[in-house]
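What the coordinates show
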Amino acid sequence: MSTPIHPTGGSKGAKFACLVITLLCAPSQGVSAQDSGQARLTQAQRVALSKSTPRLGKGRRNPVNNGNSASKDVASSKGSELFATLFPSIASNALAGRLRALFVGGASVAEPTTAAGADGGTTMALQAQGSSLVERGAALGLIHRHGPGLDVVGDDTVMLDWVQSGIALGDLDGDADFDVVAAGGLEPNHVFEYRAPQFVDRSSIARINAGELDRVPALGDYDGDGDLDLFMGAAAGGNGAVPGHNRLYRNEHGYRFTDVSALARVEGRGHTIHARWADLDQDGLLDLYLGEFHGTPNIAYRNCGGGSFEDVTPKWGLGVGGSTHVVGTVDLDRDGSLDVFVGNDFNVSLSMGLNSLAADIALQGQPGASFKNVSIATEFWQTETTMGMAFGDVNYDGQLDVFKTEYGRNFLLLNMGFPIGYPSNGFQHAAADYGLSNDFVPGQSGDGFYEVSWGTSFIDLDLDRWLDLIVINGHVADNDPRQQPNGIFLGSGPSQGFEFRDSSDLWDEARDFDDRGLAVADMDADGDVDLFVAPVQGRLRFYENRLDRADRNSITIAPTSTTSAPGGVIVEWTDSEGYVHVRPVGNDAPTASQNAEQLVLGLGQEPYADLRVSYPSGIELELPAVPAGTALTPVEPKLVELLPSERILGAAGSGPLKVVAYAHDQAGQPLVSAAAADIGIEVTGLQPRGPVEALGGNKFSRSFAAPQHSGEYPVLLNFDGFEPRTRRRFDVVGGFAA
């Protein structure tokens, strides 16, 4: 065991300050990574090599209905009531039987069956082989069902019961394990504690069901108390006949949640199917961005502190969308501001006869919480039905690329210098060049069908250093097979042009599903990535990674933020061949779902890695020679403390305010030798009562006159030339005479 180091007071010679390191296995000493001197391939060389290298066959299975129809019927009384409420005028038509069957009973999809056995039937044999992802959800106590609800699109009678409900992973109780929140749609929501190796149902304590058709859970510590809070987004179906009611739940230090929706006012527009917590204005507080459906514009809520939020959608330029399945937030251009990427279902808007025919949107973050629409200039918009989004550097040039899942053709967008790019745009379409093209799948009858892809994430599944890709599939219409094979695409190294090869037979099932959601984490702390997959209707599945690791190693990273708001962290390392690996932590946007704030770095046979961990504040921790087999919890240094508190009532504003600063350089090292003259502390709108005072070590302070008006007073810091980008603030509210 080891203890987190919070470097607020400074410590000389603390090379690994800001770290928690748990050594799982230490490599032999005396081994060093050596640069082979091999030059990285140019883009032209890489594409040429890719096209000259034989590709592996796809090996995809044709969708097959194996006859299994075991399912749990929806409760008759609940279903009848909801059916009558949403569709009071339906008596008898082509849709009535299908819809009533879903709500009252009789609607089912094939579910996996397992032979008797302590490990779930064939699991034991697969474990011995060590060659697949093994489904173990039910065997480990993960009992949750997803139900689609009334999902009608316009007058289309073949697109029914298809809208997703997802899952979110996060440490709810502070025990360093990742717990699970699952939205049920028509079925009940669940909260599971992960107590290795079992899942323990805590839903009766959590009490997060409100009789809504819940679609998307999103975890984030909005109040900064160290506990993950829960936003639950709801969206009714049936062409949006009845709007859903979103809720915000405050975590009361574990699995007990309090509904604070009345204070927070994050109700959305009634059709929320994606939600993203992110600090969009860099004030150290998590804001909330909602993806809305049924032709409804998206909405952005600014965290005002004190548990309240403000609708800043037009002010920040984020009122885009209309049929948004996913929202991704990542600093793609590495300028210090989060960029926002919105995936829209253009075809659904078209099918519904709506005016909001929105293509995908790329919004470049600007200083001061504004966003510039660069969708057309960068060619990000050229997709049709985006369902999921993943960010990863597939050609190892140091820039994050974007993969988007679609109805039919998926897109891989190479980052050529977002947002400007060369020669004329920020992205280059490259799915075919990297083995990720999926235009059309031949059918048994000869006419074939389109794959419809949803949740997706870049991970290193086999720990060989090179990114792999998970793609979750399932159709939306009954005139094509609804149950489709999910995809696993294993990435290759430079000798094969970084091409991905279809390795979907690594799933341990011999049949397909109608799936939507995906979330990933190293649940069992064994150094590889496990997966959760959510169907449109049926049982949530958990896949334990039992791939043969041979002599491949990994480093696991779960960063902690103290000055920045949680999220937005990027990890980089350079391997012994000189290839740069850039990995965002938890930034993928899988459908209606949320990955854990954790990163598993596959090292292949590398004995160690020199890591850089970059926080939104501008802090870049340099962690040299981290051994393979290490689990890291890098802790961002605390840079500032506001006294008496960040939120000030007007009546308390008669006294002076104080800023206490803990000076660090950009590498996170405490400036223990700095003089007061080297430290800048200012508060916008307030007069200082004296100069900066040195309090010993790297601790400094400055007092300011009491504010005379309500408002926000941002704190500006300068530590001998390093200016943190995250700007905490005093919020002064009420109590002043007019």
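Residues numbered from 1 in each chain as written. Predicted model: local features only at pLDDT ≥ 70, side-chain atom pairs only at ≥ 80, totals over all residues. Heavy atoms only, no water.

1. Quick word on the overall build of the chain
Formally: Secondary structure follows DSSP: runs of H or I at least 4 residues long count as helices, runs of E at least 2 residues long count as strands, and numbering of each begins at the N terminus. Working definition: with a 1.4 Å probe on protein chains only, accessible area under 20% of the residue-type maximum means buried, over 50% means exposed, and in between means partly exposed. Any two residues whose heavy atoms approach within 4.5 Å at even a single point are treated as in contact.
The number of helices and strands found in the chain is 9 helices and 46 strands. Taking all 738 residues of the chain together, 60% fall into the buried category. Residue pairs in contact within the chain that sit at least 24 positions apart in sequence constitute 62% of those at least 6 positions apart.

2. A closer look at the nonpolar core
Cut-off, in case you're wondering: Only buried Ala, Val, Leu, Ile, Met, Phe, Trp, Tyr and Cys residues count toward a nonpolar core, and they belong to the same one when joined by side-chain atoms within 4.5 Å.
L611, V659, I681, F719 and F730 are the most contacted members of the largest nonpolar core, which totals 43 residues. Looking at this core, the element that brings in the most residues is strand β45 (residues 711-719), giving 4 residues. Contact partners of F719, with chain neighbours within four places excluded, come to L639, A661, Y662, A663, H664, L671, D678, I679 and P724.

3. Regarding the environment of F199
Among the structural elements, F199 can be located in strand β7 (residues 198-201). Each C-alpha atom of the pair F199 and I143 lies 8.8 Å from the other, and the pair is 56 residues apart in sequence. Ignoring any residue separated from it by four or fewer positions in sequence, one finds F199 in contact with L140, G141, L142, V180, F192, E193, Y194, M523, F532 and F542.

4. Description of the side chain of S203
The condition is simple: Side-chain atoms alone can form a polar contact between residues adjacent in sequence; in general such a contact is a pair of N or O atoms within 3.5 Å, and within protein one must be able to donate a hydrogen while the other accepts it.
For S203, the location among the structural elements is in helix α5 (residues 203-206). Here the side chain of S203 touches V191 through a polar contact of 3.0 Å, landing on its backbone nitrogen.

5. Things to note about the sheet that holds strand β12 (residues 272-278)
The test is simple: A pair of strands is treated as paired once DSSP finds two or more bridges between them. Lines fitted to the C-alpha atoms define the axes, with helices restricted to the stretch that makes contact. Angles between their N-to-C directions range from 0 to 180 degrees.
The 4 strands are arranged β12-β13-β14-β15 in an open sheet whose pairing can be described as antiparallel. The two strands at the open ends of the sheet, each matched to only one other strand, are β12 and β15 (308-311). Here the strands of the sheet are splayed against their neighbours by 25° on average, with no regard to which way each runs.

6. Structural notes on the environment of G185
As for its position among the elements, G185 is in the loop between β5 (179-182) and β6 (190-195). Residue G185 is classed as buried on the basis of its relative accessible area, which comes to 1%. Through-space distance from the C-alpha of G185 to that of Q164 is 7.7 Å; in sequence the pair is 21 residues apart. With residues near it in sequence (within four places) discarded, G185 still touches G147, S165, E212, L213 and D214.

7. Focus: the sheet that holds strand β34 (residues 580-584)
The sheet built from 4 strands is open, its strands ordered β34-β33-β36-β37 with antiparallel pairing. Taken across any chain shown, the strands that pair with only one partner, and hence form the sheet edges, are β34 and β37 (620-627). Across the sheet, the axes of successive neighbouring strands diverge by a mean angle of 20°, strand direction being ignored. Of the pairings in the sheet, the one linking strand β33 (residues 570-574) to β34 comprises 5 bridges and is antiparallel in character. Its bridge partner being in β34, E572 is matched across the sheet by V582.

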